[in-house]
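If you want the building blocks of each chain, they are given just below.
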Amino acid sequence: MKRVFVTLCVGLILSSISPVMAGGVARTIWSSNLATAKWSVVAAGTNQSVTNTPYLLSWSVIGGSAYNFFNLRNAGNVNVNSFSVVISQTRVGGSGAANPVDFELCSGGVWNATTNTCSGVVVLVGRASDLNLNFANLQLTPNAELSMRAKTAVSGRNNFSTQLDVLVSRSAVRPGIIN
Amino acid sequence: MIETKVKKKSPWRALAGAAIVVSVATIAGQSVIASLNATAFNTVAQQISAGTMKLDLANNGNGFGQNITNVVPGDVINRYVTLTNSGSINGIGLSLKTAQTGTASLISDGTGGVTTQALRLTVKSCTVAWNTSTGACTGGTEATELAATPIGSLTSATTLTSSTMDAGDVKYLQMSINLPDQNETTVNGALPVNTVQGGSVSVTYTFDLAQRTATTVNS
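In this report, we go over the structure that sits alongside the text.

About the cut-offs
- Residues numbered from 1 in each chain as written.
- Chains lettered and ligands numbered in written order.
- Predicted model: local features only at pLDDT ≥ 70, side-chain atom pairs only at ≥ 80, totals over all residues.
- Helix = DSSP H or I, 4+ residues; strand = E, 2+ residues; numbered from the N terminus.
- Buried ≥ 20, exposed ≤ 12 C-beta atoms within 10 Å, placed from the backbone.
- Contact = placed C-beta atoms within 7 Å.
- Pairing = 2+ DSSP bridges.
- Axes fitted to C-alpha atoms, helices over the stretch in contact; angles between N-to-C directions.
- Nonpolar A, V, L, I, M, F, W, Y, C, P; charged D, E, K, R; others polar.
- Core = buried A, V, L, I, M, F, W, Y, C linked by C-beta atoms within 7 Å.

### Some words on the overall build of chain A
Here is step 1: Secondary structure assignment for chain A yields one helix and 12 strands.
Here is step 2: Listing every helix and strand of chain A by position from the N terminus yields α-β-β-β-β-β-β-β-β-β-β-β-β.
Here is step 3: Per-residue burial over chain A gives 28% buried out of 179 residues.
Here is step 4: At a minimum sequence separation of 6, the contacts of chain A that also span at least 24 residues come to 83%.

The structure is reproduced here in structure tokens:
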């Protein structure tokens with residue numbers, strides 16, 4: 001017990017000796033915070049939260065055209081000027097190729113899923129057979145959305161799915177600046 | 001018949017002996033007090049005062065006081081601070097170290113997955129105050145005090161290039177933070193492994209200035 005006590009005392013004395021005691025040092029301390037941007041665009045249904053997974057359109061065409069509505073949302077915190085959507089289609093049932101799908105942007109407005117109308121200007125962005133849809137010359141601010149409609153070509157019964165993967169590269173946001 | 005006579009010691013004999021010893025010691029002591037002494041002293045007290053070590057840091061423009069947000073690769077953020085040796089002692093070995101907490105990929109370079117490059121700190125000085133609007137050292141001489149270094153490598157004190165600061169000296173510093181340009185692609189909103197995106201770091205900068213070398217003065 002006595003040995004433990006002596007050891008503790010010696011330790012306490014040694015630990016109280018600060019390096020500053022070795023000589024005069026003036027010190028000044030300052031703190032700063034830094035946060036980086038995040039560039040991200042996701043495909044999601046209206047009012048749907050971000051899942052960070054591919055967006056899937058499921059088609060059960062029974063004749064004529066079928067429609068799906070979704071948004072491409074800037075889920076980051078910096079303006080995005082371009083991005084691409086990689087399309088891949090998978091037949092669920094039957095045989096033959098999946099139907100071509102048109103992707104239409106309602107520029108300057110939104111699609112009304114009930115009336116199937118666009119309050120802006122309809123712009124055909126691409127077809128599923130294009131594989132990649134490229135969006136460019138945008139100024140998509142954080143939380144802003146592009147209203148999209150996917151429309152199958154007229155066909156008979158056809159069951160398939162369309163997967164959308166949205167890619168945003170570093171070059172899609174502003175260049176580095178000195179400030 | 002033989003008679004043995006035991007002679008008792010008188011207690012007075014011991015007492016008398018002790019009295020003699022004490023008397024001799026007292027006399028001997030008085031003889032020292034009686035000796036002659038000489039004393040000399042300075043009539044005006046010598047003044048000795050210790051110097052002071054004091055290092056002040058002040059923002060020049062935004063300085064460290066303003067948070068930096070939404071940084072993208074390639075950004076360079078310059079902040080300007082002024083260091084002053086406001087003590088009375090000349091200083092040597094001016095050094096800087098940082099302590100940081102937050103997103104690891106912004107603190108140290110990545111080695112696996114997406115190889116990322118962390119934030120770099122460069123320190124430059126100007127002999128006159130920096131123009132905080134243009135970043136120019138107009139009318140002065142610019143010098144690099146610390147080459148671009150990942151902030152995670154500055155946890156030990158690093159001596160700046162011009163490390164002496166005499167009493168009253170002022171250093172005008174440009175603290176330049178850079179996130180090196182690098183490519184990252186976000187897929188469906190999921191960030192790459194070890195990403196530099198959406199991160200944050202709190203950096204504490206510590207400047208130390210040591211006292212000049214102690215000297216022996218003869219005069």
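### Focus: the overall build of chain B
Here is step 1: The number of helices and strands found in chain B is two helices and 10 strands.
Here is step 2: Tracing chain B from N to C terminus, the helices and strands come up as α-β-β-β-β-α-β-β-β-β-β-β.
Here is step 3: Residues counted as buried form 27% of the 219 residues belonging to chain B.
Here is step 4: Expressed as a percentage of contacts within chain B between residues at least 6 apart in sequence, the contacts between residues at least 24 apart total 77%.

### Remarks on the sheet that holds strand β8 (residues 170-178) of chain B
Residues and elements named next belong to chain B.
Here is step 1: In spatial order, the strands read β1-β3-β8-β5-β6; together these five strands make up an open sheet with antiparallel pairing. Each edge of the open sheet carries a strand with a single partner, namely β1 (55-60) and β6 (142-150). Along the sheet, successive strands turn relative to each other by an average axial angle of 25 degrees, direction set aside.
Here is step 2: Note that strand β5 (residues 120-126) and β6 share six bridges and pair antiparallel. Counterpart to Val 123 in the pairing with β6 is Leu 146.

### Some words on the sheet that holds strand β7 (residues 158-159) of chain B
Here is step 1: Taken in spatial order, the five strands of this open sheet run β2(B)-β1(A)-β10(B)-β4(B)-β7(B), and their pairing is mixed. The open sheet terminates on both sides in strands that have one partner only, identified here as β2 (68-71) and β7 of chain B.

### As for the interface of chain B and chain A
Here is step 1: Taken together, the contacts link 51 residues of chain B with 39 residues of chain A.
Here is step 2: Residue composition of the side of chain B that touches chain A, grouped by class: 24 nonpolar, 21 polar and six charged.
Here is step 3: Bridge analysis of strand β12 (residues 155-169) of chain A against strand β9 (residues 185-187) of chain B gives three bridges, and the strand direction is antiparallel. Paired with Leu167(A) across the bridge in β9(B) is Val187(B).

### Examining the nonpolar core
Here is step 1: Ranked by internal contacts, the top residues of the largest apolar core, which has 67 residues, are Val41(A), Val80(A), Val166(A), Leu119(B), Leu121(B) and Leu209(B).
Here is step 2: The element that contributes the greatest number of residues to this core is strand β10 (residues 200-211) of chain B, accounting for six residues.
Here is step 3: Counting residues in hydrophobic clusters, the runner-up holds five residues, among them Leu57(A), Trp59(A), Ala66(A) and Phe160(A).

### So, the environment of Ser105(B)
All names here are of chain B.
Here is step 1: Its place among the elements puts Ser 105 in helix α2 (residues 104-107).
Here is step 2: Separated by 13 residues in sequence, Ser 105 and Ala 118 have C-alpha atoms that sit 5.8 Å apart.
Here is step 3: Excluding residues that lie within four positions of it along the chain, Ser 105 makes contacts with Gly 110, Thr 116, Ala 118, Asn 194, Thr 195, Val 196 and Gly 199.

### Some thoughts on the pairing of strand β1 (residues 25-36) of chain A
Here is step 1: As paired elements, β1(A) and β10(B) share 11 bridges and run antiparallel to each other. What sits directly across from Ile29(A), in β10(B), is Thr206(B).
Here is step 2: Examined bridge by bridge, β1(A) and β2(B) share two bridges and lie parallel to one another. Bridge pairing in β2(B) places Leu34(A) opposite Ile68(B).

### Some details on the environment of Leu191(B)
Here is step 1: Within the secondary structure, Leu191(B) sits in the loop between β9 and β10.
Here is step 2: According to the C-beta neighbour criterion, Leu191(B) is buried, with 20 such atoms within 10 Å.

### Details of unusual backbone geometry
Residue and element names in this part refer to chain A.
Here is step 1: Its identity as a non-glycine residue notwithstanding, Asn 116 has a phi of 60 degrees, on the positive side.
Here is step 2: For Asn 137, which is not glycine, the phi torsion reads 55 degrees and is therefore positive.
Here is step 3: Looking at the element boundaries, Asn 137 is found in the loop between β10 (132-135) and β11 (145-152).

### A few points about the environment of Gly120(A)
Residues and elements named next belong to chain A.
Here is step 1: By the secondary structure assignment, Gly 120 is in the loop between β8 (117-118) and β9 (121-127).
Here is step 2: By C-beta crowding, Gly 120 is classed as partly exposed, having 13 other C-beta atoms within 10 Å.
Here is step 3: The spacing of Gly 120 and Gly 109 is 11 residues in sequence and 4.1 Å in space, taken between C-alpha atoms.
Here is step 4: When sequence neighbours within four positions are dropped, the list of residues in contact with Gly 120 reads Cys 106, Ser 107, Gly 108 and Gly 109.

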